[in-house]
Amino acid sequence: MHEAPPTPPPSPAATSPAAPAEPLSHGLKQRHLTMLGLGGVIGAGLFVGSGAGIAVAGPAIVVSYLIAGALAMLVMRMLGEMSAAMPASGSFSVHAERALGRWAGFSVGWLYWFLLVVVLAVEATAAAQIAHGWVPGVEPWAWVLLFMVVFTVANLTAVKNFGEFEFWFASLKVGAIVVFLVLGGLAVFGLLPDTDPVGMTNLTGQGGFLPNGWSGVVSGVLTVVFAFGGLEVVTIAAAETDDPARAVGRAVRSAVVRILFFYVGSMLVIVTVLPWTAQQAGLSPYVKVLDAIGVPSAGQIMNIVVFVALLSALNANLYGSSRMIFSLAERGEAPRGLLKVSRKAGAEGGGADGSSGQAGGVPRRAVLASVAFGFVSVLLNLLWPDTVFLSMLNSVGAVLLFVWALIAASQLRLRARLEQEAPDALALRMWWFPYLTWVTLAGLLGVLLLMLTDDAARPQVLWSAGATALVLLVAVGREWRERRGSREPSALPDR
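Draft legend 1. Unusual backbone geometry, seen in detail. The residue after Phe-433, namely Pro-434, is reached through a cis peptide bond having omega 0°. Inspection of the secondary structure puts Pro-434 in the loop between α17 (399-421) and α18 (435-453). Notably, Gln-206 is not glycine yet its phi reads approximately 50°, a positive angle. Structurally, the position occupied by Gln-206 is in the loop between α9 (201-204) and α10 (213-224). Phi at Ser-297 takes a positive value of approximately 55°, unusual for a residue other than glycine. Mapped onto the secondary structure, Ser-297 falls in the loop between α13 (285-292) and α14 (298-330). Looking at Ser-297, the relative accessible area reads 54%, which means it is exposed.

Written out as structure tokens, the structure is:
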């Protein structure tokens, strides 16, 4: 292993938007990044959690997904613009630092890292419960240990291993969605055996398309908006491709529209094939539809898909958290011992310029630091799921919205600088800038305010706001101490 060269933290007033060279490997291919973008947000939130959204919005859940998906698509367009111009393993944390100051990069980086390692525990535990149902003789904690060890090893080796895991995981999830859309579409038109055309009955019956009014649509947005979290990892991973600017541009362009199609298309099929009153929170609407159209063992098939989705998310979150804390260490915002990266096999002393090849350039200490906290989170989830871990989970419940808001604020500042200093770097541009950026910020603020009025969502906002305030306090305190130290005269040497 060798240590990456120290990277001084950029000044907020820095004039050059160029990113420093990354010491990480460039082992990810375009197909890895594209499939990571497609599969990164297709998880248990869609396959199971969507039932809660249908229960509150009815057929209008389609509108809820359109609104939430539009917000996610706009955020990703902004993030894609900045990442194509300034690719970095810290992605939006680096952008926030350059646009708004060190306090912003520190805050958003640590908040996102905390979010990933806490959610990692939820995914590991949920996957273990499914596996325990298949093999009751193996306790859930043993499954958790197995999953964590397997994906830790995968992330400690060449980054292409992570890419291959995610490519095949995402391929299975995307394939499952495509098959579901085809079968559901055939069922809608009565083209499957023993089915009749459904028509518009389920869209207009049982209270109509808006059975709970527009308030139901709003409640649906609050339920489903977090299902789009995870797209950000694409821009983090882009730094480990041979051509980050082109790779992230292609991945963002292909991902956002197709994901919106998968989400909205799935919901449209579900509420068309079955009455929305047949759905309930906690049960997969996909299973109900597959059962209704006569697919044998639909429940077990969907269990396999959800299991793969959870393992995929666990793998992606471990990767994303390790790269984020590595980037924080690069900028002096995390312990510098995390800067160790692996050497290429057989290399003499390695190199600090990223020449370590696909088999090297892995931030192993950053991976171990992230998985160590992930293990702690899993332990808290197993021991105190309704007290300590619930508090941790609530403290990151709304962090994604804070991260998205800082991405939008950063893009407002950096776009103006890029247009003046490096217009050629803007290979991917935000639509209708700056108007849609301001609309996105207003939409995110609106979601947060609506969450405060919702009894179920309010604790998440308050706990997350508290966690954010604590991180901001640390960030501001660090800057104050550094400025105070720089103003104090150095002691004169004794003569």
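Draft legend 2. Examining the confidence of the model for the protein chain more closely. Per-residue confidence for the protein chain gives a mean pLDDT of 82; residues scoring 70 or more make up 89%. Across the protein chain, α18 holds the top mean pLDDT of 93, while strand β1 (residues 2-3) sits lowest at 42. pLDDT under 50 marks residues 1-20. Its contacts with residues more than four places away, or in other chains, come to 54 contacts. Below pLDDT 50 for its whole length, residues 347-358 participates in 24 contacts with residues either more than four positions away or in separate chains.

Draft legend 3. Here's a closer look at the packing of aromatic side chains. Enumeration according to the criterion identifies 19 aromatic pairs in this entry. Measuring from centroid to centroid gives 5.6 Å for Phe-151 and Phe-165, while their planes differ by 65°, and the two rings are edge-to-face. Taken as a pair, Phe-151 in helix α7 (residues 140-156) and Phe-165 in helix α8 (residues 159-188) lie far apart in primary sequence, 14 residues in all. Residue classification places Phe-151 among the buried positions, given a relative accessible area of 3%. Consider the rings of Phe-167 and Trp-168, whose centres lie 5.0 Å apart with planes at 90°: the pair is edge-to-face. Its relative accessible area of 56% is what places Trp-168 among the exposed residues. Between the NZ or CZ atom of Arg-31 and the centre of the ring of Phe-167, over which it lies, the distance is 4.7 Å.

About the cut-offs
Residues numbered from 1 in each chain as written. Predicted model: local features only at pLDDT ≥ 70, side-chain atom pairs only at ≥ 80, totals over all residues. Heavy atoms only, no water. Helix = DSSP H or I, 4+ residues; strand = E, 2+ residues; numbered from the N terminus. Buried < 20%, exposed > 50% of the residue type's maximum accessible area, 1.4 Å probe, protein only. pLDDT = per-residue confidence, 0-100. Contact = heavy atoms within 4.5 Å. Phe/Tyr/Trp six-rings, centres within 6.5 Å; stacked < 30°, edge-to-face > 60°. Lys NZ or Arg CZ within 6 Å of the ring centre and 35° of its normal.

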